[in-house]
Amino acid sequence: MIDFGVLLDVQDHDTRAEQVRHRRASLPQRNELARIGAELATLETAEAEVSARRHELARQEKRFEDEAALVEAKAASENRRLYSGEITNPKELQAIEVEIASLKRRQTELEDEAILLMEQIEPVDGELAALDDRMAALRTAQTAATEELAAAEAEADAELVTVLDERAALATSLDADLLATYERVQAQLRGVAVSRLVGNTCDGCHLALSAVELDRVKREPPGVLVYHEECGRILVR
Ligand SMILES: [Zn+2]
């Protein structure tokens, strides 16, 4: 006698195992992590670009500051010469005074340029801070989603172990040939291998059997396996 009840129970466990595998593969945290990863990559590119802009502005600012310092040193040196007492020629002294005044003006111009650049750097620093804040929030969300995913995966794994253990126990009580046939049909159909005959309809493919086929199926003794010709499933009468 073929125990179709156990066979259907085995199939039910296979279906549940497949559902658990599918659920594990499509956990929402996977999409969430992909979304966070993509946004982080975009922000990292933006941060690199803004950092490069800031670096260039700071380089220019330093150039003006260095040049201002050189001009200031030159003015101080001229000032020392002016009061050293070594130079007594009034025309030469006057020329030095003119030179010092010119150097002071140049120093002020250079310092003003440096201030302008500092003012340009300020909003760039604001941009960088905003990017850093957003990335820190994303990394926190990433950590949380990673932990949630691991927990959901562990839950699915535990459920799968239970379902497969139960399935293995059921399979041992099934005739080995019948189990092999079931698994072969299951592999061919990539899914449900056993279906019930409900009235004249196969509940696996939902097609009605022809009168001739229905007659053939009903004539077979209960111990003989019959298949639905249309879909290839084992029919439970
Ligand atoms: Zn069918």
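Rules of the game
Residues numbered from 1 in each chain as written. Predicted model: local features only at pLDDT ≥ 70, side-chain atom pairs only at ≥ 80, totals over all residues. Helix = DSSP H or I, 4+ residues; strand = E, 2+ residues; numbered from the N terminus. Buried ≥ 20, exposed ≤ 12 C-beta atoms within 10 Å, placed from the backbone. Contact = placed C-beta atoms within 7 Å. Pairing = 2+ DSSP bridges. Expected span 1.5 Å × (residues − 1). Core = buried A, V, L, I, M, F, W, Y, C linked by C-beta atoms within 7 Å. Domains from an automatic or database assignment. Axes fitted to C-alpha atoms, helices over the stretch in contact; angles between N-to-C directions. Parallel < 35°, antiparallel > 145°, perpendicular 65-115°, else oblique. Left-handed = near helix turned anticlockwise from the far one by under 90°. Nonpolar A, V, L, I, M, F, W, Y, C, P; charged D, E, K, R; others polar.

Caption draft 1: Highlighting the overall build of the chain. Broken down by element type, the chain carries five helices and four strands. The helix and strand sequence of the chain, counted from the amino end, reads α-α-α-α-β-β-α-β-β. Put simply, the chain has 237 residues, and 10% of those count as buried. Considering only contacts in the chain between residues 6 or more positions apart, those separated by 24 or more positions represent 77%.

Caption draft 2: Structural context of the environment of Thr-42. Looking at where Thr-42 falls in the secondary structure, it is placed in helix α2 (residues 28–82). The sequence separation of Thr-42 and Glu-113 amounts to 71 residues, and the corresponding C-alpha distance is 33 Å.

Caption draft 3: Examining the sheet that holds strand β4 (residues 234–236) more closely. Ordered in space as β2-β1-β4-β3, the four strands form an open sheet in which the pairing is mixed. One side of each edge strand has no neighbouring strand; the edge strands of this open sheet are β2 (201–202) and β3 (226–227). Both strand β1 (residues 194–198) and β2 contribute to a ladder of two bridges, which runs antiparallel. Bridge pairing in β2 links Leu-197 to Cys-202.

Caption draft 4: Highlighting the pairing of β1. The pairing of β1 with β4 spans three bridges and is classified as parallel. By the bridge assignment for β4, Val-194 is matched with Ile-234. Linkage of β1 to β2, two consecutive antiparallel strands, is achieved through a turn of two residues, within which Gly-199 is found at a positive phi near 65 degrees.

Caption draft 5: Representation of helix α4 (residues 176–189) within the structure. Relative to the 20 Å expected for 14 residues at 1.5 Å per residue, α4 spans 20 Å between its end C-alpha atoms, a close match to the ideal helical length. In the stretch just after α4, Arg-190 is the one whose phi turns positive, near 50 degrees.

Caption draft 6: Representation of helix α3 (residues 90–172) within the structure. Compared with the 123 Å implied by 1.5 Å per residue over 83 residues, the 119 Å span of α3 between its first and last C-alpha is a close match. Burial in α3 covers these residues: Leu-103, Leu-110, Ala-145 and Val-163. Where α3 is buried, its residues touch α1 (4–25) and α2.

Caption draft 7: View of the nonpolar core. Leu-7, Val-10, Tyr-182, Ala-193, Val-194, Cys-202, Leu-209, Ile-234, Leu-235 and Val-236 form the largest nonpolar core, which has ten residues in total. The biggest single contributor to this core is β4, with three residues.

Caption draft 8: Representation of the domain arrangement of the chain. Partitioning the chain into domains gives domain 1 (15–163) and domain 2 (178–236). Just the C-alpha atoms count here: the centres of domain 1 and domain 2 sit 70 Å apart.

Caption draft 9: Fine view of unusual backbone geometry. Its identity is not glycine, yet Arg-190 carries a phi of approximately 50 degrees, on the positive side. Under the C-beta neighbour-count criterion, Arg-190 is labelled exposed, with 7 such atoms within 10 Å. Not every positive phi belongs to a glycine, and His-206 is a case in point at roughly 65 degrees. Within the element layout of this structure, His-206 appears in the loop between β2 and α5 (211–219). The exposure class assigned to His-206 is exposed, which follows from the 10 C-beta atoms found within 10 Å.

Caption draft 10: Seen up close, the packing of α2 against α3. Their axes nearest at 6 Å, the elements α2 and α3 cross at an angle of 165 degrees. Taken together, α2 and α3 sit at an angle that is classed as roughly antiparallel. Between α2 and α3 the crossing geometry is left-handed. Residues that form the contact of α2 with α3 fall into these classes: 31 nonpolar, eight polar and 23 charged.

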